[in-house]
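Below are the chains, spelled out letter by letter.
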Amino acid sequence: MTRALQTGAIDSARLTLMLNDLRLPAIKQDWPDLAQRADKESWPAARFLATLAEHEIAERDRRRLTRHLAEAQLLPGKTLDSFDFDAIPTISKAHVLAICAGDSWIDKGANLLLIGGPGGGKTHLASAIGLALVENGWRVLFARTSDLVQRLQVARRELALEAAINRLDRFHLLILDDLAYVSKDQAETSVLFELISARYERRSTLITANQPFGAWGKVFPDPAMTLAAVDRLVHHATIFEINVDSYRRRAALERKHKGAGRPQSYATIKDLDAVSLPDNQSPT
Ligand code: ADP
Ligand code: MG
(Lines give C-alpha, C1' and ligand atoms only; values in the text may rest on other atoms or scores of the structure.)
(Ligands and ions follow the chains in the order given, each with its own letter.)
Protein backbone atom coordinates (compact mmCIF):
# COMPACT_ATOMS: atom_id res chain seq x y z
CA MET A 1 0.00 0.00 0.00
CA THR A 2 1.34 3.39 -0.91
CA ARG A 3 1.86 6.10 1.59
CA ALA A 4 -0.45 8.37 -0.39
CA LEU A 5 -3.22 5.87 0.06
CA GLN A 6 -2.42 5.49 3.72
CA THR A 7 -2.82 9.19 4.21
CA GLY A 8 -6.24 8.83 2.72
CA ALA A 9 -5.63 11.90 0.59
CA ILE A 10 -6.49 10.16 -2.66
CA ASP A 11 -8.08 7.02 -4.00
CA SER A 12 -5.10 5.39 -5.71
CA ALA A 13 -7.18 2.79 -7.54
CA ARG A 14 -9.23 5.54 -9.11
CA LEU A 15 -6.08 7.51 -9.94
CA THR A 16 -4.75 4.48 -11.81
CA LEU A 17 -7.94 4.34 -13.85
CA MET A 18 -7.77 8.04 -14.61
CA LEU A 19 -4.14 7.79 -15.72
CA ASN A 20 -5.17 4.89 -17.94
CA ASP A 21 -7.94 6.96 -19.48
CA LEU A 22 -5.51 9.81 -20.03
CA ARG A 23 -3.01 7.38 -21.59
CA LEU A 24 -0.18 8.26 -19.24
CA PRO A 25 1.40 4.85 -18.64
CA ALA A 26 4.73 6.12 -17.32
CA ILE A 27 3.06 8.34 -14.74
CA LYS A 28 0.73 5.48 -13.85
CA GLN A 29 3.71 3.28 -13.16
CA ASP A 30 6.04 5.78 -11.54
CA TRP A 31 3.83 8.01 -9.42
CA PRO A 32 3.75 5.92 -6.22
CA ASP A 33 7.55 5.87 -5.89
CA LEU A 34 7.91 9.47 -6.93
CA ALA A 35 5.14 10.55 -4.56
CA GLN A 36 6.89 8.78 -1.73
CA ARG A 37 10.16 10.47 -2.56
CA ALA A 38 8.49 13.84 -2.96
CA ASP A 39 6.85 13.49 0.47
CA LYS A 40 10.07 12.39 2.07
CA GLU A 41 12.13 15.16 0.53
CA SER A 42 9.39 17.76 0.82
CA TRP A 43 9.34 18.64 -2.88
CA PRO A 44 7.22 21.60 -3.85
CA ALA A 45 4.09 20.37 -5.65
CA ALA A 46 5.25 21.96 -8.91
CA ARG A 47 8.46 19.97 -8.85
CA PHE A 48 6.53 16.74 -8.36
CA LEU A 49 4.26 17.56 -11.29
CA ALA A 50 7.17 18.51 -13.55
CA THR A 51 9.01 15.29 -12.68
CA LEU A 52 5.96 13.21 -13.58
CA ALA A 53 5.63 15.04 -16.90
CA GLU A 54 9.30 14.48 -17.66
CA HIS A 55 8.94 10.76 -17.00
CA GLU A 56 6.00 10.51 -19.36
CA ILE A 57 7.78 12.39 -22.13
CA ALA A 58 10.99 10.36 -21.77
CA GLU A 59 8.99 7.14 -21.92
CA ARG A 60 7.07 8.38 -24.96
CA ASP A 61 10.34 9.19 -26.76
CA ARG A 62 11.69 5.77 -25.90
CA ARG A 63 8.60 4.01 -27.23
CA ARG A 64 8.65 6.10 -30.41
CA LEU A 65 12.31 5.22 -31.00
CA THR A 66 11.58 1.51 -30.45
CA ARG A 67 8.69 1.70 -32.92
CA HIS A 68 10.72 3.58 -35.52
CA LEU A 69 13.62 1.15 -35.18
CA ALA A 70 11.30 -1.82 -35.65
CA GLU A 71 9.58 -0.39 -38.71
CA ALA A 72 12.89 0.68 -40.31
CA GLN A 73 14.01 -2.92 -40.93
CA LEU A 74 17.67 -1.94 -40.75
CA LEU A 75 20.43 -4.54 -40.83
CA PRO A 76 21.58 -5.67 -37.39
CA GLY A 77 25.10 -4.71 -36.39
CA LYS A 78 25.69 -2.26 -39.24
CA THR A 79 26.47 0.93 -37.37
CA LEU A 80 28.68 3.95 -37.94
CA ASP A 81 30.78 2.82 -34.98
CA SER A 82 31.52 -0.50 -36.66
CA PHE A 83 32.23 1.18 -40.01
CA ASP A 84 35.91 1.65 -40.79
CA PHE A 85 36.11 5.07 -42.44
CA ASP A 86 39.85 4.65 -42.96
CA ALA A 87 39.03 2.00 -45.54
CA ILE A 88 37.43 4.68 -47.72
CA PRO A 89 39.88 7.55 -47.43
CA THR A 90 37.96 10.20 -49.34
CA ILE A 91 34.62 9.76 -47.62
CA SER A 92 34.96 11.96 -44.59
CA LYS A 93 33.37 10.75 -41.42
CA ALA A 94 32.49 14.36 -40.60
CA HIS A 95 30.52 14.64 -43.85
CA VAL A 96 28.64 11.42 -43.08
CA LEU A 97 27.92 12.60 -39.53
CA ALA A 98 26.55 15.87 -40.89
CA ILE A 99 24.30 13.86 -43.22
CA CYS A 100 23.10 11.87 -40.21
CA ALA A 101 21.77 15.03 -38.57
CA GLY A 102 19.35 15.10 -41.46
CA ASP A 103 17.97 18.60 -41.24
CA SER A 104 19.66 20.24 -44.17
CA TRP A 105 18.71 17.67 -46.79
CA ILE A 106 15.80 15.56 -45.50
CA ASP A 107 13.65 18.64 -45.01
CA LYS A 108 14.13 19.34 -48.71
CA GLY A 109 13.58 15.79 -49.86
CA ALA A 110 17.11 15.59 -51.24
CA ASN A 111 18.74 12.25 -52.04
CA LEU A 112 21.85 10.28 -51.26
CA LEU A 113 23.46 7.89 -53.74
CA LEU A 114 26.13 5.36 -52.84
CA ILE A 115 27.72 3.92 -55.92
CA GLY A 116 30.55 1.42 -56.22
CA GLY A 117 31.56 -2.18 -56.69
CA PRO A 118 30.49 -5.08 -54.50
CA GLY A 119 31.88 -5.37 -50.99
CA GLY A 120 32.82 -1.70 -50.71
CA GLY A 121 30.52 -1.08 -47.75
CA LYS A 122 27.54 0.58 -49.47
CA THR A 123 24.89 -1.51 -47.75
CA HIS A 124 26.62 -1.22 -44.38
CA LEU A 125 26.94 2.56 -44.69
CA ALA A 126 23.34 2.93 -45.92
CA SER A 127 21.94 0.97 -42.98
CA ALA A 128 24.21 2.80 -40.52
CA ILE A 129 23.09 6.19 -41.84
CA GLY A 130 19.50 4.98 -41.54
CA LEU A 131 20.08 4.00 -37.92
CA ALA A 132 21.66 7.34 -37.04
CA LEU A 133 18.75 9.19 -38.67
CA VAL A 134 16.19 7.13 -36.73
CA GLU A 135 18.09 7.93 -33.54
CA ASN A 136 17.89 11.59 -34.51
CA GLY A 137 14.11 11.38 -34.79
CA TRP A 138 13.54 10.67 -38.50
CA ARG A 139 11.51 7.81 -39.91
CA VAL A 140 13.36 5.47 -42.23
CA LEU A 141 12.63 2.31 -44.20
CA PHE A 142 15.41 0.06 -45.45
CA ALA A 143 14.39 -2.20 -48.33
CA ARG A 144 16.09 -4.34 -50.91
CA THR A 145 15.04 -2.64 -54.11
CA SER A 146 13.86 -5.80 -55.81
CA ASP A 147 11.71 -6.79 -52.80
CA LEU A 148 10.07 -3.39 -52.69
CA VAL A 149 9.52 -3.37 -56.45
CA GLN A 150 7.86 -6.76 -56.15
CA ARG A 151 5.54 -5.48 -53.43
CA LEU A 152 4.66 -2.44 -55.52
CA GLN A 153 3.95 -4.62 -58.54
CA VAL A 154 1.50 -6.65 -56.50
CA ALA A 155 -0.13 -3.39 -55.41
CA ARG A 156 -0.34 -2.27 -59.04
CA ARG A 157 -2.09 -5.49 -60.04
CA GLU A 158 -4.57 -4.84 -57.25
CA LEU A 159 -5.01 -1.27 -58.52
CA ALA A 160 -3.55 0.01 -55.27
CA LEU A 161 -0.18 1.33 -56.41
CA GLU A 162 -0.89 4.94 -55.56
CA ALA A 163 -2.02 4.02 -52.06
CA ALA A 164 1.08 1.85 -51.56
CA ILE A 165 3.38 4.68 -52.68
CA ASN A 166 1.49 7.12 -50.45
CA ARG A 167 2.01 4.84 -47.48
CA LEU A 168 5.77 5.12 -48.02
CA ASP A 169 5.43 8.88 -47.60
CA ARG A 170 5.54 8.48 -43.85
CA PHE A 171 9.22 7.60 -44.18
CA HIS A 172 11.43 10.66 -44.38
CA LEU A 173 14.08 8.44 -45.93
CA LEU A 174 13.53 5.38 -48.07
CA ILE A 175 16.67 3.30 -48.52
CA LEU A 176 16.63 1.32 -51.76
CA ASP A 177 19.49 -1.12 -51.49
CA ASP A 178 20.94 -2.60 -54.67
CA LEU A 179 19.13 -0.79 -57.42
CA ALA A 180 20.99 -2.73 -60.08
CA TYR A 181 19.50 -6.04 -58.97
CA VAL A 182 16.01 -5.23 -60.17
CA SER A 183 15.29 -7.96 -62.67
CA LYS A 184 14.29 -7.50 -66.27
CA ASP A 185 10.69 -8.55 -65.87
CA GLN A 186 10.41 -6.28 -62.85
CA ALA A 187 11.59 -3.46 -65.07
CA GLU A 188 8.73 -4.04 -67.46
CA THR A 189 6.40 -2.24 -65.18
CA SER A 190 7.42 1.22 -64.14
CA VAL A 191 6.59 1.08 -60.42
CA LEU A 192 10.10 2.10 -59.46
CA PHE A 193 9.91 5.14 -61.71
CA GLU A 194 6.55 6.07 -60.24
CA LEU A 195 7.97 5.75 -56.73
CA ILE A 196 10.95 7.95 -57.58
CA SER A 197 8.71 10.53 -59.25
CA ALA A 198 6.30 10.57 -56.33
CA ARG A 199 9.07 11.26 -53.83
CA TYR A 200 10.88 13.81 -56.00
CA GLU A 201 11.59 17.03 -54.07
CA ARG A 202 9.29 15.91 -51.25
CA ARG A 203 10.77 12.86 -49.59
CA SER A 204 14.35 11.65 -49.53
CA THR A 205 15.63 8.44 -51.05
CA LEU A 206 18.98 6.74 -50.50
CA ILE A 207 20.04 4.44 -53.30
CA THR A 208 22.92 2.01 -53.39
CA ALA A 209 24.03 0.62 -56.71
CA ASN A 210 26.89 -1.52 -57.93
CA GLN A 211 26.90 0.23 -61.24
CA PRO A 212 27.04 3.86 -62.32
CA PHE A 213 24.08 5.57 -63.97
CA GLY A 214 25.08 4.45 -67.44
CA ALA A 215 24.21 0.87 -66.54
CA TRP A 216 20.80 1.61 -65.04
CA GLY A 217 19.09 1.03 -68.37
CA LYS A 218 17.99 -2.44 -67.41
CA VAL A 219 16.28 -1.19 -64.28
CA PHE A 220 13.73 0.93 -66.12
CA PRO A 221 11.52 0.00 -69.07
CA ASP A 222 13.09 2.37 -71.61
CA PRO A 223 15.99 4.83 -71.99
CA ALA A 224 13.81 7.92 -71.66
CA MET A 225 12.47 6.69 -68.36
CA THR A 226 15.98 5.82 -67.19
CA LEU A 227 17.17 9.35 -67.94
CA ALA A 228 14.13 10.90 -66.29
CA ALA A 229 14.63 8.75 -63.19
CA VAL A 230 18.36 9.55 -62.95
CA ASP A 231 17.61 13.23 -63.46
CA ARG A 232 15.13 13.29 -60.58
CA LEU A 233 17.44 11.32 -58.33
CA VAL A 234 20.54 13.45 -58.89
CA HIS A 235 18.82 16.84 -59.05
CA HIS A 236 19.25 17.39 -55.30
CA ALA A 237 21.64 14.72 -54.20
CA THR A 238 24.90 13.88 -52.56
CA ILE A 239 26.78 11.13 -54.35
CA PHE A 240 29.38 8.99 -52.67
CA GLU A 241 31.43 6.96 -55.06
CA ILE A 242 32.96 4.05 -53.21
CA ASN A 243 35.54 2.64 -55.54
CA VAL A 244 37.49 0.47 -53.16
CA ASP A 245 38.36 -3.18 -53.17
CA SER A 246 35.93 -5.49 -51.46
CA TYR A 247 36.24 -4.96 -47.71
CA ARG A 248 35.78 -8.65 -47.07
CA ARG A 249 38.46 -9.60 -49.56
CA ARG A 250 40.84 -7.01 -48.16
CA ALA A 251 40.18 -8.11 -44.60
CA ALA A 252 40.93 -11.69 -45.62
CA LEU A 253 44.10 -10.63 -47.45
CA GLU A 254 45.24 -8.53 -44.52
CA ARG A 255 44.78 -11.47 -42.21
CA LYS A 256 46.85 -13.56 -44.59
CA HIS A 257 49.71 -11.08 -45.01
CA LYS A 258 49.66 -9.54 -41.59
CA GLY A 259 51.55 -6.28 -41.56
CA ALA A 260 51.63 -5.97 -45.34
CA GLY A 261 49.47 -2.83 -45.17
CA ARG A 262 46.23 -1.97 -46.84
CA PRO A 263 45.75 -2.50 -50.54
CA GLN A 264 45.44 0.66 -52.56
CA SER A 265 42.02 2.20 -52.46
CA TYR A 266 40.46 5.38 -53.65
CA ALA A 267 37.12 7.09 -53.53
CA THR A 268 35.66 10.38 -54.59
CA ILE A 269 32.82 12.47 -53.30
CA LYS A 270 30.86 14.75 -55.52
CA ASP A 271 28.14 17.16 -54.76
CA LEU A 272 25.18 15.77 -56.60
CA ASP A 273 23.98 19.10 -57.84
CA ALA A 274 27.16 19.16 -59.85
CA VAL A 275 26.25 16.01 -61.72
CA SER A 276 24.43 16.83 -64.90
CA LEU A 277 23.22 14.88 -67.85
CA PRO A 278 24.62 15.60 -71.29
CA ASP A 279 22.65 18.35 -73.01
CA ASN A 280 21.43 16.12 -75.79
CA GLN A 281 19.92 13.72 -73.29
CA SER A 282 17.56 15.92 -71.40
CA PRO A 283 14.95 13.86 -69.63
CA THR A 284 11.32 13.92 -70.48
P1 ADP B 1 28.34 -3.54 -50.63
O2 ADP B 1 26.93 -3.26 -50.25
O3 ADP B 1 29.07 -2.33 -51.14
O4 ADP B 1 28.45 -4.70 -51.56
P5 ADP B 1 28.59 -4.33 -47.86
O6 ADP B 1 28.17 -3.11 -47.14
O7 ADP B 1 27.62 -5.45 -47.95
O8 ADP B 1 29.15 -3.95 -49.31
O9 ADP B 1 29.97 -4.84 -47.19
C10 ADP B 1 30.38 -6.19 -47.22
C11 ADP B 1 30.82 -6.62 -45.81
O12 ADP B 1 31.98 -5.91 -45.43
C13 ADP B 1 29.76 -6.31 -44.78
O14 ADP B 1 29.81 -7.33 -43.79
C15 ADP B 1 30.20 -5.00 -44.19
O16 ADP B 1 29.78 -4.85 -42.85
C17 ADP B 1 31.71 -5.07 -44.31
N18 ADP B 1 32.31 -3.77 -44.60
C19 ADP B 1 32.42 -3.18 -45.81
N20 ADP B 1 33.04 -2.01 -45.74
C21 ADP B 1 33.31 -1.82 -44.42
C22 ADP B 1 33.97 -0.80 -43.68
N23 ADP B 1 34.47 0.30 -44.29
N24 ADP B 1 34.07 -0.94 -42.34
C25 ADP B 1 33.58 -2.05 -41.72
N26 ADP B 1 32.97 -3.08 -42.37
C27 ADP B 1 32.84 -2.97 -43.70
MG1 MG C 1 25.20 -4.16 -50.88
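Residues numbered from 1 in each chain as written. Chains lettered and ligands numbered in written order. Predicted model: local features only at pLDDT ≥ 70, side-chain atom pairs only at ≥ 80, totals over all residues. Heavy atoms only, no water.

Counting its secondary structure elements, the protein contains 13 helices and six strands. The buried share of the protein, reckoned over its 284 residues, is 41%. Partitioning the contacts of the protein with sequence separation of at least 6, the portion at a separation of at least 24 is 80%. Surface exposure of the protein reaches about 15700 Å², of which carbon and sulfur atoms provide 53%. (Helix = DSSP H or I, 4+ residues; strand = E, 2+ residues; numbered from the N terminus. Buried < 20%, exposed > 50% of the residue type's maximum accessible area, 1.4 Å probe, protein only. Contact = heavy atoms within 4.5 Å. Areas by Shrake-Rupley, 256 points an atom, 1.4 Å probe, with all protein chains shown as cover.)

Neighbouring residues of ligand 1: 15 residues in total, closest Asp 84, Gly 119, Lys 122, Thr 123 and His 124. Contacts to ligand 1 include Asp 84, whose backbone N or O atom sits 2.7 Å from a nitrogen atom. Within the side chain of His 124, a nitrogen or oxygen atom sits 2.6 Å from an oxygen atom of ligand 1. Contact with the protein chains covers 84% of the free accessible surface of ligand 1, which is 550 Å². Among the elements of the structure, α7 (122-135) and α13 (247-256) are those that each provide at least two residues to the shell around ligand 1. Among the elements that make up the shell around ligand 1, the one with the highest residue count is α7 (three residues). In the shell around ligand 1, the residues fall into four nonpolar, seven polar and four charged. (Near = heavy atom within 4 Å. Polar contact = N/O pair within 3.5 Å; in protein donor to acceptor, adjacent residues only side chain to side chain. Nonpolar A, V, L, I, M, F, W, Y, C, P; charged D, E, K, R; others polar.)

Turning next to the pairing of strand β4 (residues 204-209). In terms of residue burial, β4 counts as a mostly covered element, since six of its six residues are buried. Alternating positions in β4 separate into two faces, Ser 204, Leu 206 and Thr 208 on one and Thr 205, Ile 207 and Ala 209 on the other, with burial throughout. In terms of strand pairing, strand β1 (residues 111-115) meets β4 through four bridges, oriented parallel. By the bridge assignment for β4, Leu 112 is matched with Leu 206. The pairing of strand β3 (residues 173-177) with β4 spans four bridges and is classified as parallel. Across the sheet, Leu 174 pairs through a bridge with Thr 205, a residue of β4. (Pairing = 2+ DSSP bridges.)

Its location among the elements puts Glu 71 in helix α4 (residues 45-72). Look past the residues within four positions of Glu 71 in its chain and what remains in contact with it is Arg 139, Val 140, Leu 141, Arg 170 and Phe 171.

Between the side-chain oxygen of the N-cap and the backbone nitrogen of Ala 13 there are 3.1 Å, and the N-cap of helix α2 (residues 12-21) in question is Asp 11. Looking at the residues trailing α2, positive phi occurs at Arg 23, about 50°.

A word on the packing of α4 against α7. α7 packs onto α4 with a crossing angle of 155° between their chain directions and a minimal axis gap of 10 Å. Our classification of the angle between α4 and α7 gives roughly antiparallel. For α4 against α7, the interelement crossing comes out right-handed. Between α4 and α7, the residues in contact are Leu 65, His 68, Leu 69 and Ala 72 and Leu 131, Val 134 and Glu 135, respectively. (Axes fitted to C-alpha atoms, helices over the stretch in contact; angles between N-to-C directions. Parallel < 35°, antiparallel > 145°, perpendicular 65-115°, else oblique. Left-handed = near helix turned anticlockwise from the far one by under 90°.)

Glancing now at helix α5 (residues 93-101). All of the buried residues in α5 are Val 96, Ile 99 and Cys 100. Taken around the axis of α5, the buried residues stretch over an arc of 100°, which confines them to a single face. Residues of α5 that are buried make contact with α6 (103-106), β1, α7 and β5 (237-241). Just downstream of α5, Gly 102 is the residue with a positive phi angle, here 90°. (Arc of directions from axis to C-beta.)

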